[in-house]
Amino acid sequence: MAELENPNVMPNLIHFLSSLLQKVAESNDLNCGVQAQKISVFHGLSRPTISIQNYLDRIYKYANCSPSCFIVAYVYLDRFSQRQPSLPINSFNVHRLLITSVMVAAKFLDDMYYNNAYYAKVGGINTMEMNLLEVDFLFGLGFKLHVTPNAFQAYYSYLQREMLQHPPSVAESGLSLGRSLKLQLCFNEEDSSHKKQQLAV
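Residues numbered from 1 in each chain as written. Predicted model: local features only at pLDDT ≥ 70, side-chain atom pairs only at ≥ 80, totals over all residues. Heavy atoms only, no water.

Chemist: Help me understand the overall build of the protein, please; the structure alone is not making it clear to me.
Modeler: Secondary structure summary: the protein contains nine helices and two strands in total. Starting at the N terminus and walking to the C terminus, you meet the elements of the protein as α-α-α-α-α-α-α-α-α-β-β. For the protein, restricting intrachain contacts to residue pairs at least 6 apart in sequence, the fraction spanning at least 24 positions comes to 77%. (Helix = DSSP H or I, 4+ residues; strand = E, 2+ residues; numbered from the N terminus. Contact = heavy atoms within 4.5 Å.)

Chemist: Sorry, what's going on with the nonpolar core here?
Modeler: In a soluble, globular protein the nonpolar side chains are often hidden away together inside. I59, F70, Y76, L98, Y119, F137 and L159 are the most contacted members of the largest nonpolar core, which totals 56 residues. Each residue touching L98, except ones within four places of it in the same chain, is listed here: L21, I52, Y55, L56, I59 and L77. (Core = buried A, V, L, I, M, F, W, Y, C linked by side-chain atoms within 4.5 Å. Buried < 20%, exposed > 50% of the residue type's maximum accessible area, 1.4 Å probe, protein only.)

Chemist: Looking at this model, I keep getting lost on the side chain of R79. Mind explaining?
Modeler: With respect to the helices, strands and loops of the structure, R79 is situated in helix α3 (residues 68-83). At 2.8 Å, the side chain of R79 forms a polar contact with the backbone oxygen of H146. (Polar contact = N/O pair within 3.5 Å; in protein donor to acceptor, adjacent residues only side chain to side chain.)

Chemist: Looking at this model, I keep getting lost on empty space enclosed by the protein. Mind explaining?
Modeler: Gaps between atoms show up when a probe of the same size as a water molecule is rolled over them. Tallied over the full model, the rule gives one cavity of 30 Å³ or more. A volume near 40 Å³ is recorded for the largest cavity. Along its surface, the largest cavity is lined by L17, L21, L56, F70, A73, Y74, L77, L98 and V102. Every element with two or more residues in the lining of the largest cavity is listed here: α1 (9-30), α3 and α4 (94-109). Here the lining of the largest cavity is composed, by residue class, of nine nonpolar, no polar and no charged. (1 Å grid on protein atoms, 1.4 Å probe; cavity = no way out; pocket = protein on both sides within 12 Å on 5 of 7 lines; lining within 4 Å. Points joined across faces, edges and corners; volume = space filled by probe spheres on them. Nonpolar A, V, L, I, M, F, W, Y, C, P; charged D, E, K, R; others polar.)

Chemist: Where do I start with α4 in this structure?
Modeler: Every α-helix carries 3.6 residues per turn, so stepping three or four residues along brings you back to the same face. Taking 1.5 Å per residue, 16 residues should reach 22 Å; α4 reaches 22 Å between its end C-alpha atoms and fits that length. Among the 16 residues in α4, 13 count as buried, and that is most of the element. (Expected span 1.5 Å × (residues − 1).)

Chemist: Teacher, can you tell me more about a nonpolar patch on the surface here?
Modeler: A surface patch of nonpolar side chains, amounting to about 320 Å² of accessible area, comprises V135, F139 and F143. In this structure, F143 sits in the loop between α6 (127-140) and α7 (149-165). Residue classification places F143 among the partly exposed residues on the basis of a relative accessible area of 47%. (Patch = residues over 30% accessible without salt bridge, like charges linked within 9 Å, V, L, I, M, F, W, Y side chains within 5 Å. Areas by Shrake-Rupley, 256 points an atom, 1.4 Å probe, with all protein chains shown as cover. Salt bridge = Lys/Arg side-chain N within 4 Å of Asp/Glu carboxyl O.)

Chemist: Looking at this structure, I do not really get the packing of α3 against α6. What am I missing?
Modeler: The angle between the axes and the distance between the axes are what describe a pair of packed helices. For the pair α3 and α6, the least separation of the axes is 9 Å and the interaxial angle reads 65°. When the axis of α3 is compared with that of α6, the two are roughly perpendicular. Of α6, the residues touching α3 (which contributes Y76, L77, F80 and R83) are D136, F137, F139 and G140. Of the residues that constitute the contact of α3 with α6, the class distribution is five nonpolar, one polar and two charged. (Axes fitted to C-alpha atoms, helices over the stretch in contact; angles between N-to-C directions. Parallel < 35°, antiparallel > 145°, perpendicular 65-115°, else oblique.)

Chemist: When you look at the packing of aromatic side chains in this model, what are you seeing that I'm missing?
Modeler: Aromatic rings considered in pairs are described by the distance between their centres and by the relative angle of their planes. If you walk through the whole model with that rule in mind, you get seven aromatic pairs. Relative to F143, the ring of F139 lies with its centre 4.8 Å away and its plane at 80°, an arrangement referred to as edge-to-face. Its relative accessible area of 56% is what places F139 among the exposed residues. (Phe/Tyr/Trp six-rings, centres within 6.5 Å; stacked < 30°, edge-to-face > 60°.)

Written out as structure tokens, the structure is:
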């Protein structure tokens, strides 16, 4: 997408994605006593001290992957959440899910990409853990990595609409992102009309 190459678009997209993931993680943290959640290789023993915003900025700065990778990573996170309902995105796993989804997207989309050791260093984990996260993530997705142009456009359009409705200053002020707070927007990728389904993360 040509507009993703615009130097002003990506920082806003990164900021909005981090705000969205922050809201989802906080919501699922609150719901952990209500719904059963399993512990996985993505869970840290404690919440990382780096914010989701700073972590995603770091990935954006050092991963040097194409801008489309961040949209596809978002698609992968959504698919993962749909396929693994007992493993919702929360503050204990969001960082590892993020670095893994971006790495897998870069490997699938880009002609040139860094190896797992590099992504591990960017993500603040060791290479063996990065390898394990990648394998678990791929199995969690059912190895379904292809994103159709229509699905890509649907996710990107959703993010654009939400960014226009909730500019960074609104998201920072703590106002609700509406349906994005407690629910993650999911698309039925086989449906050409992309009817929206809302599923708990």
